[in-house]
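Structural characterization, general
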There are 2 protein chains.
Amino acid sequence: MDDSEFLAGYDPRAFPAVAVTVDVVALTIREGALHVLLVERGEQPHAGRWALPGGFIRPDEDLPEAAARELAEETGLAPRVHIEQLASYGAPGRDPRMRIVSVSYLAFAPRLPDPRAGSDAADAAWRRIDRLPELAFDHDRILGEGLERARAKLEYTPLATTFVDETFTITELRGVYETVWGVPLHAGNFHRKVLSVPGFVEGTGQTTEGGGTRGGPRARLYRAGDARLLHPALLRPAREEAAG
Amino acid sequence: MDDSEFLAGYDPRAFPAVAVTVDVVALTIREGALHVLLVERGEQPHAGRWALPGGFIRPDEDLPEAAARELAEETGLAPRVHIEQLASYGAPGRDPRMRIVSVSYLAFAPRLPDPRAGSDAADAAWRRIDRLPELAFDHDRILGEGLERARAKLEYTPLATTFVDETFTITELRGVYETVWGVPLHAGNFHRKVLSVPGFVEGTGQTTEGGGTRGGPRARLYRAGDARLLHPALLRPAREEAAG
DNA sequence: GGAATAGTGTCTCTTAGACACTATTCT
DNA sequence: AGAATAGTGTCTAAGAGACACTATTCC
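What counts and what doesn't
- Residue numbers run consecutively from 1 along every chain, following the written order of its sequence.
- Chain A is the first chain written and ligand 1 is the first ligand written, with later ones labelled in order.
- Totals for whole chains, interfaces and linings use all residues, but because this is a predicted model, local features are given only for residues with pLDDT of at least 70 and pairs of side-chain atoms are given and counted only at 80 or more.
- In computing side-chain values, all of the structure's heavy atoms are included and hydrogens and water are not.
- Helix and strand labels come from DSSP, where a helix needs a run of H or I of at least four residues and a strand needs a run of E of at least two; each type is numbered from the N terminus.
- Three exposure classes are used, based on accessible area relative to the maximum for each residue type with a 1.4 Å probe and protein chains only: buried under 20%, partly exposed in between, and exposed over 50%.
- A contact between two residues is defined here by any heavy atoms of the two lying within 4.5 Å.
- Using the Shrake-Rupley algorithm and a 1.4 Å probe, accessible areas are obtained, with residue cover drawn only from the displayed protein chains.
- One requirement defines pairing of two strands: DSSP has to find at least two bridges between them.
- In these notes, residues near a molecule or strand are those with any non-hydrogen atom within 4 Å of it.
- Whenever a nitrogen or oxygen atom comes within 3.5 Å of another N or O atom, the pair is scored as a polar contact, on the condition that within protein one atom can donate a hydrogen and the other can accept it, and that pairs from neighbouring residues in sequence are kept only if both atoms are in side chains.
- The classification used treats Ala, Val, Leu, Ile, Met, Phe, Trp, Tyr, Cys and Pro as nonpolar, Asp, Glu, Lys and Arg as charged, and all other residues, Gly among them, as polar.
- Salt bridges, as used here, are contacts in which a Lys or Arg side-chain nitrogen is within 4 Å of a carboxyl oxygen on Asp or Glu.
- Here an axis means a line fitted to C-alpha atoms, over the contact stretch when the element is a helix, while the angle between two N-to-C directions is reported on a 0 to 180 degree scale.
- Each angle receives one of four descriptions, namely roughly parallel if under 35 degrees, roughly antiparallel if over 145, roughly perpendicular if within 65 to 115, and oblique otherwise.
- For the domains described, the bounds stem from an automatic or database domain assignment.
- Here the quantity called buried area is the total loss of accessible area, with a 1.4 Å probe, experienced by two parts when brought into contact, counted for both.

**Structural notes on the overall build of chain A**
- Scanning chain A from N- to C-terminus turns up five helices and 10 strands.
- Taking all 244 residues of chain A together, 50% fall into the buried category.
- Residue pairs in contact within chain A that sit at least 24 positions apart in sequence constitute 67% of those at least 6 positions apart.
- Accessible surface, chain A: about 11400 Å² in total, of which carbon and sulfur atoms supply 50%.

This is the structure:
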């Protein structure tokens, strides 16, 4: 793998320095809308533009640790945050100063507090997905891939539960799906479907204190079950193919 | 993303060197069995052990180019090879000499010729998945994740067609699924299912020259269609959950 | 002729989704 | 009372899978 290349004359120490960063696509739901954590860059290049939070990996930390640290620097790390690797990007010109390979991570978080701008950013904020400026570097692409991954993951994993409180109603869970997928779902069918998937949610025996603000009976409260995959999956409503 | 960190006192140039490599999980089917491309290491560490082909990225090449180059160095790059990124690994101790971040790629290839050992390896060979030695570094884990990705991708993409010739019979295609998934499939149901998925395969009007070696009618020949996703998907037979 | 295979027909069971309906709670 | 919501019942259409069957080809 690498000795190999020493033989072939490719000593990495002779290369222009390569730096490795992690960038985090952190998603949460606020006021019924999907939000992503962004930081405003204080320095060149792209000073003043918004970007995904991220930074260089440190010598003694693994990649997932670096991603968790970067997220925590902006938000304080909540206990129930889910983090998974997304993809890596290393096009030679993606940062104008030097060769940078970025490993991106996707994070799902329940109601996090407003971020504090880390030492490394002019500002930090949760921004609505549907009202975003153009991002720095290739972060638009990374965010796009993160969103698609998130939408797909809701289909076959119980990760929608990481967007809500520890106990939640089926209607709240449906709200997560509707917000992330951007489509309305049929309340009755969704309800029955969620309860029919083994291990997705488990009842607590409790109900909400009162009905909704606009009426209705008290809803039963559930917590996340122990399933790690959903069988059968909750598929997104069929987007009609453009193909004939 | 990085200016930021300069401010915080993390100049990457002051770090111990970080090297970036690509490692390739290249899969093909030979004699009805799934095979992976491995190289025998000639140098320390792990001299004499088998490993995934890979090597350092070069200053002017993007990550996918590096993966394609590494694969081509061993096999000569066939025109119909599919390559996609798998994941990245950067645990501090994964290579004993220095900090190495590896970006892994997954490749599907039809009947490739026997590999030639590149300049960088003692030997190279297609090895049966079910008869593997323990691999060097963390390559067992990378291979495992590549296999799971491949099995999942056959469900909802037409990538099974990249394992067979440009024209193929439904039975040959079924053989790909059976080999990769490791389960027998019902011939009749598979046949009807494949033809019912829009854009999966398209008929050529041709048939095989003769029937099978053990009899049977001539089979129609198909080529890959233009679908990039399969709707509906071909799901793996339900593996009964251990959960009660 | 006998065996193996390609391809089709048919039936059952499960699931997605549309729609209807009851019961509960808020204003 | 009227409106909104939680949760359930029922019907239909589609797909997965089991099984049966015909036609074709090799030995």
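**Looking at the pairing of strand β10 (residues 220-224) of chain A**
All names here are of chain A.
- Bridge count between strand β8 (residues 167-168) and β10: two bridges; the pairing is antiparallel. Bridge pairing in β10 places threonine 167 opposite arginine 223.
- Pairing of strand β9 (residues 201-207) with β10 involves four bridges; the strand directions are antiparallel. Opposite glycine 203, over in β10, you have tyrosine 222 as the bridge partner.

**Digging into the protein's contact with DNA strand D**
- Surrounding DNA strand D, one finds 24 residues, the nearest of these being Thr171, Pro217 and Arg220 of chain A together with Asn189 and Lys193 of chain B.
- Counting only atoms of DNA strand D within 4 Å of the protein, the fraction found in sugar and phosphate groups is 69%.
- Residue arginine 220 of chain A places a main-chain N or O atom 2.8 Å away from a phosphate oxygen belonging to DNA strand D.
- Separating a phosphate oxygen of DNA strand D from a backbone N or O atom of alanine 233 of chain B is a distance of 3.3 Å.
- When the residues that make up the surface near DNA strand D are grouped by side-chain class, the tally is four nonpolar, 13 polar and seven charged.

**Things to note about the protein's contact with DNA strand C**
- Close contacts around DNA strand C come from 24 residues, with Asn189 and Lys193 of chain A together with Thr171, Pro217 and Arg220 of chain B the closest.
- A share of 69% of the atoms of DNA strand C within 4 Å of the protein falls on sugar and phosphate groups.
- Taking proline 217 of chain A, its main chain carries an N or O atom lying 3.2 Å from a base oxygen of DNA strand C.
- Its residues placed into classes, the surface near DNA strand C shows four nonpolar, 13 polar and seven charged.

**Focus on the sheet that holds strand β10 (residues 220-224) of chain B**
- An order of β8-β10-β9 (chain B) is seen for the three strands of this open sheet, with the pairing classed as antiparallel. The open sheet has two edge strands with one neighbour each: β8 (167-168) and β9 (201-207) of chain B.

**Regarding the pattern of salt bridges**
- Counted by the stated rule, this structure contains 32 salt bridges over all chains.
- Arginine 49 of chain A is the partner of glutamate 134 of chain A in a salt bridge, and the nearest nitrogen-oxygen pair spans 3.9 Å. With glutamate 134 of chain A in the loop between β7 (123-128) and α3 (139-156) and arginine 49 of chain A in the loop between β2 (33-40) and β3 (50-51), this residue pair connects regions lying 85 residues apart in the sequence.
- Residue class for arginine 49 of chain A comes out partly exposed when judged on its relative accessible area of 29%.
- A salt bridge links aspartate 138 of chain B to arginine 94 of chain B; its shortest N-O distance comes to 2.8 Å. Linking aspartate 138 of chain B in the loop between β7 (123-128) and α3 (139-156) with arginine 94 of chain B in the loop between β5 (82-89) and β6 (99-108), this pair joins segments that are 44 residues apart in sequence.
- Look at arginine 94 of chain B and you get buried, because its relative accessible area is 10%.
- Through salt bridges that share partners, Arg58, Glu61, Arg69, Glu70 and Glu73 of chain A make up one connected network.

**Digging into the packing of helix α4 (residues 170-181) of chain B against helix α5 (residues 187-196) of chain B**
All names here are of chain B.
- Look at α4 against α5: their axes get within 10 Å of each other, and the N-to-C directions meet at 105°. With respect to α5, the element α4 is oriented roughly perpendicular. Listed contacts from α5 to Ile170, Leu173, Arg174 and Tyr177 of α4 are Ala187, Phe190, His191, Val194 and Leu195.
- Residues belonging to the contact of α4 with α5 are distributed by class as follows: seven nonpolar, one polar and one charged.

**A look at the environment of valine 81 of chain B**
- In this fold, valine 81 of chain B is placed in the loop between α2 (63-75) and β5.
- Classification of valine 81 of chain B as buried rests on a relative accessible area of 17%.

**Considering the domain arrangement of chain A**
All names here are of chain A.
- In terms of domains, chain A is made up of domain 1 (3-149) and domain 2 (157-224).
- Averaged C-alpha coordinates put domain 1 and domain 2 at centres separated by 31 Å.
- Counting from both sides, the interface comprises 13 residues of domain 1 and, opposite them, 10 residues of domain 2.
- Area buried by domain 1 at its contact with domain 2 is led by Ile29, Arg80 and Phe108, which between them contribute 53% of it.
- Between the two partners, domain 1 and domain 2, sit zero salt bridges.
- For the pair domain 1 and domain 2, the number of links is three residue pairs in polar contact (both at pLDDT 80 or more).
- Going through the elements one at a time, β1 (18-30), β2 and β5 (82-89) are the ones with two or more residues in the side of domain 1 that touches domain 2.
- For the side of domain 1 that touches domain 2, the element with the highest residue contribution is β1, accounting for three residues.

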